[in-house]
Each structure stands twice: as structure tokens, then as C-alpha cells.
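Chain residues, written in single-letter form:
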Amino acid sequence: MDRAKSSKARKVCVCKSVAFTPQSLQYEKTKVQMPEKSVRIGVLGASGYTGSEIVRLLANHPYFGITVLTADRKAGQSIGSVFPHLATQHLPDMIAVNDADFSNVDAVFCCLPHGTTQEIIKALPKGLKIVDLSADFRLRDIDDYEKWYGQPHRAPELQREAVYGLTEIYRTDIKDARLVANPGCYPTSIQLPLVPLIKANLIRSENIIIDAKSGVSGAGRGAKEANLYTEIAEGIHSYGITGHRHVPEIEQGLAEAANSKVTVSFTPHLMPMSRGMQSSIYVELAPGASVEDLRQHLKVFYENEEFVVLGKEKEVPHTRHVRGSNYCIMNVFPDRITGRAIILSVIDNLVKGASGQALQNLNLMMGIPENTGLTYLPLFP
């Protein structure tokens, strides 16, 4: 009992120590009166990378406690037997989603594959808060969903309710949402720098070229020949050329910012690393705009954001600067071609690109400080 009390005291002390960093003072305006681990969480699809990352992040969350874990293929197993790095967590064994009892759950992270989520979420109790990490509710137009994902949308009534969860851009809508569609990793790294610049008319919405690279975890945990070590190691693997499913999501967000149709040239690549993502974005400056104008606008736009950081002038962001964290670091550089600029944006594809942003969104939905459970510093080396 003494050890338990000591451990509990340490956790509270740590939470307090990070609460007053300069970046997070804005969140202190929210006064939270909530018992420890009082929000009961279900993680659907806990045996995948995003599900396990949710479990890791929640380990130090003061208010969220996991009561249900599902994984159909791993039903009956403990989380520690599937992910040994989580063996210290005392959590319920994983069960099939159809066997889950949601009467003991307040909110759900849905980490299931694309195409399987709609009917499962439709069957959940109406009172649950839901953050869906699949692509099933990201596209507002269900015809676009059918075109890009090859099957009709099975829950159009829920699609009308869903709020797109790019936190720093749609924060006000997310706060009042019941169902949030968590963005994809590539769209997160791309929209965070581009949306403010397009809205401010500092760059042209035409001729945007995006060269993006991701760690192999972005392809999921399923066994695939193309993702074997000998297929990926010591090389760069381009894929989804002209037809990656994140394209309509990217164009949807940029078109909303521009109030007109936007078409981008986007090519993703898998890199021989576990996690991390960099988007190199090539844009045309609007008439009269300079590269310094772009930098200053992003600096002002994100100056009160904890998790989006503009690097110092000429400072090149690298994926190792954000590994294991919920940060997005970006910067703007002049191109050799007059009238163009190069934007670099880096995130951890499993954290800010997936589970970290999902937790950020659920914090908002539950009315607690947005950075709760997310103040992990990047891992280095």
C-alpha cells in the first residue's frame, strides 16, 4: 500500500510539474475537477500499432482508464503477451469486439481497419464519445468515399454527424462533437502548414507538389510481402502514385481553406525506419508575398499552440526531432526558383499522425486540458 501511495504521489507530482511550462500555460485556464481515472475508455483494435500507441499514451493519463480492449484475432490474450513493452500495464485481456460490454465505457478509440468501422460504430451505444482513427468518416462526401475506397459508405447518417479532427484547425467543432474522424498521418503533416497559408492568401492553391516520406509503421501491422525487411531495408519505396487514398482528404481540407477546388500532386514513400514522417511541400507564392511573410504568418498562427512549432530561420526539421512525441515541427525556405517556397513538416506518424492527435481530440471532447497525457518529449537518439 505504501508503494502504491508513493507511485500515485509521483504521478500527480509529474503532472503538476509539466502543467506550468510556457507552452502549456494556455491550458491552465481550464479548471478540472475530476477524480483520477474516472473516464472509462475502450480501445477497439488494440493489437495494431495505433491501438498499442493509445495504450502507451494512456498509461500516464490522470483521468482516462482503460476498461475494454478488443482484438478479434488476439481475443483472450493479454496486451503484454502481444506487446511486451506494455507488460507492466494491468489491463483487461483483449476480447472480440462482438463480445464487448460497453455499459462500463464512456469513450472509445476505434483503431480498426478502413471499411470495417462504420457498422461497428453504428452499433455502439449512442451516449459514447468516439474518436475513429480509420478513414471511414474523414471524407464528407460519401460518393468520394466509395470512389477512393471501393465500397459504399454503410453509415451515411453518421458521416453527417462526424467532425474532422485536425485539432489546431477545427478545435471549436471538436469540443462539442460526439464522433470525431481522426485525420490521416500524411494529411496532418501537410494541412497544418498549408491551411493557414492558403486562408491568408499567401500562397497559390494551384501547382502544389508534395513529396512525403513515412516510417513503415504507417503501413499498419498486418503481414504484407511488400513490407518485409528485405523489401524495405536499404532503399526507398514509392507507392500509391497518383492514387493514394489520402489525396481526397488533403484536397478536401485545402479546398475548404481556399473556398475553391484544389488539386495537388502527391507522392508518398516508405522509408527504412519504424516511425516518423516528413512532408516536403513545394508551393508558389501569391503575388506580393515573400517567404518571410509565410514564416511570420505561421509563427503568429501557431504561437499559442503547444504541439505545432515553427523552427528558427534556416533550421531544418528532422523526423528524429519529434520521434515518440505529439509535436509537429515545420519551417519555410526560399526555393531557387523565383516566386516559389519549400515547406518542411515533420511528425511522428503514430503520435501526432494518429494516436496522439486522437488523445488530444478526446481531451477536448471531455472538457479537460488538451495536452493532458501528451507532454512526452521526443526520444533521442
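Everything quoted here is computed from the prediction, not taken from an experiment.

Rules used throughout
Residues numbered from 1 in each chain as written. Predicted model: local features only at pLDDT ≥ 70, side-chain atom pairs only at ≥ 80, totals over all residues. Heavy atoms only, no water. Helix = DSSP H or I, 4+ residues; strand = E, 2+ residues; numbered from the N terminus. Rg over C-alpha atoms; globule rule 2.2 N^0.38 Å. Buried < 20%, exposed > 50% of the residue type's maximum accessible area, 1.4 Å probe, protein only. Contact = heavy atoms within 4.5 Å. Areas by Shrake-Rupley, 256 points an atom, 1.4 Å probe, with all protein chains shown as cover. Lys, Arg positive; Asp, Glu negative; His and termini not counted. Charge placed at Lys NZ, Arg CZ, Asp CG, Glu CD. Pairing = 2+ DSSP bridges. Axes fitted to C-alpha atoms, helices over the stretch in contact; angles between N-to-C directions. Patch = residues over 30% accessible without salt bridge, like charges linked within 9 Å, V, L, I, M, F, W, Y side chains within 5 Å. Salt bridge = Lys/Arg side-chain N within 4 Å of Asp/Glu carboxyl O. Disulfide = S-S within 2.5 Å. Right-handed = clockwise from strand over helix to strand, strands pointing away. pLDDT = per-residue confidence, 0-100. UniProt positions renumbered as here; feature names shortened; annotations may be inferred.

Peer 1: I would appreciate a short explanation of the overall build of the protein chain in the present structure.
Peer 2: The helix and strand tally for the protein chain stands at 12 helices and 13 strands. At 20 Å, the protein chain has a C-alpha radius of gyration in line with the 21 Å of a compact globule built from 381 residues. Taking the principal axes of its C-alpha atoms as reference, the protein chain extends roughly 65 × 45 × 45 Å. Among the 381 residues that make up the protein chain, the fraction classed as buried is 52%. In the protein chain, of all internal contacts separated by at least 6 residues, the share reaching a separation of at least 24 is 71%. Total accessible area computed for the protein chain in this model is approximately 17,700 Å², and 52% of it derives from carbon and sulfur atoms. Averaging the locations of the 41 positively and 40 negatively charged side chains of the protein chain gives two centres separated by 5 Å.

Peer 1: Mind showing me how you'd approach the sheet that holds strand β3 (residues 107-110) here?
Peer 2: Note on sheets: strands pair through backbone hydrogen bonds, and any given pair is parallel or antiparallel. Across the sheet, six strands lie side by side as β2-β1-β3-β4-β6-β5; this open sheet has parallel pairing. If you trace the sheet from one side to the other, it starts and ends with β2 (64-70) and β5 (163-164), each paired once. Here two bridges tie β5 to strand β6 (residues 179-181), and the two strands are oriented parallel to one another. From the neighbouring strand, V163 faces β6, where its bridge partner is V180. Along the sheet, helix α2 (residues 49-58) contacts β1 (39-44), β2 and β3; its crossing angle with β2, the most-contacted strand, is approximately 155 degrees.

Peer 1: How do you make sense of a negative patch on the surface when you look at a structure like this?
Peer 2: Taken together, D141, D143, D144 and E146 make up a surface patch of like negative charges. Note that E146 resides in helix α5 (residues 142-149).

Peer 1: Which parts of the structure should I look at to understand the pattern of salt bridges?
Peer 2: Note that side chains of opposite charge can pair when their charged atoms are close. Considering all chains together, one arrives at 16 salt bridges under this definition. Its salt-bridge partner being R154, residue E119 comes within 3.7 Å of it at the nearest N-O pair. Here E119, found in helix α4 (residues 117-122), pairs with R154, found in the loop between α5 and α6 (156-161); they are 35 residues apart in sequence, far enough to count as distant. Using a relative accessible area of 47% as the deciding quantity, one classes E119 as partly exposed. A salt bridge links K352 to E168; its shortest N-O distance comes to 2.9 Å. Of this pair, K352 sits in helix α12 (residues 351-365) while E168 sits in helix α7 (residues 167-175), and the two are 184 residues apart along the sequence. Both residues of the pair, K352 and E168, count as buried.

Peer 1: Even after reading the chapter, I still don't get the state of the cysteines, so can you show me in this structure?
Peer 2: As used in these notes, a disulfide is a covalent bond between sulfur atoms, one from each of two cysteines. A complete count under the given rule lists zero disulfides for this structure. Counting only cysteine sulfurs, C110 is the nearest neighbor of C111, a cysteine outside any disulfide, at a range of 6.9 Å. You can see C185 has no disulfide; the closest cysteine sulfur is in C328, sitting 12 Å from it.

Peer 1: Sorry, what's going on with the pairing of strand β7 (residues 208-215) here?
Peer 2: Every other side chain in a regular strand lies on the same face of the sheet, so the side chains alternate between the two faces. Examined bridge by bridge, β7 and strand β9 (residues 264-271) share eight bridges and lie parallel to one another. Residue pairing for β9: D211 is matched across the bridge by T267. Sheet topology places β7 next to strand β10 (residues 277-284); six bridges connect them, and they run antiparallel. Of the residues in β10, the one forming a bridge with K213 is Q278.

Peer 1: Just to check I follow, could you spell out the pairing of strand β4 (residues 129-132) for this structure?
Peer 2: Across four bridges, β3 lies against β4 in parallel orientation. What sits directly across from C110, in β4, is D132. Handedness of the β-α-β unit built from β3, α4 and β4 comes out right-handed. The pairing of β4 with β6 spans three bridges and is parallel. Bridge pairing in β6 links V131 to V180.

Peer 1: In this structure, what is going on with the sheet that holds β10? I would like to understand it.
Peer 2: In spatial order, the strands read β8-β9-β7-β10-β13-β12-β11; together these seven strands make up an open sheet with mixed pairing. The two strands at the open ends of the sheet, each matched to only one other strand, are β8 (237-238) and β11 (308-310). Here two bridges tie β8 to β9, and the two strands are oriented antiparallel to one another. In the sheet register, H237 faces β9, and the bridge partner there is L270. Set on the sheet, helix α8 (residues 185-199) makes contact with β7, β9, β10, β11, β12 (328-334) and β13 (340-347); between it and β10 the angle comes to about 30 degrees. Packed onto the sheet, helix α11 (residues 291-301) meets β11, β12 and β13 and runs at close to 160 degrees relative to β12.

Peer 1: Is there a simple way to explain the confidence of the model for the protein chain in this structure?
Peer 2: Caution is warranted with low-pLDDT regions, since their predicted coordinates should not be read in detail. Confidence along the protein chain averages 91 in pLDDT terms, with 92% of residues attaining 70 or more. Every residue in residues 1-28 scores below 50 in pLDDT, and together they form 20 contacts with partners more than four places removed in sequence or on other chains.

Peer 1: Mind showing me how you'd approach the UniProt feature "active site" (unreviewed entry) in the protein chain here?
Peer 2: As annotated by UniProt and renumbered to match this structure, "active site" (unreviewed entry) occupies C185. On the secondary structure map, C185 appears in helix α8. Every residue in contact with C185, bar those within four places of it in the chain, is listed here: H246, M277, I347, N349 and G353.

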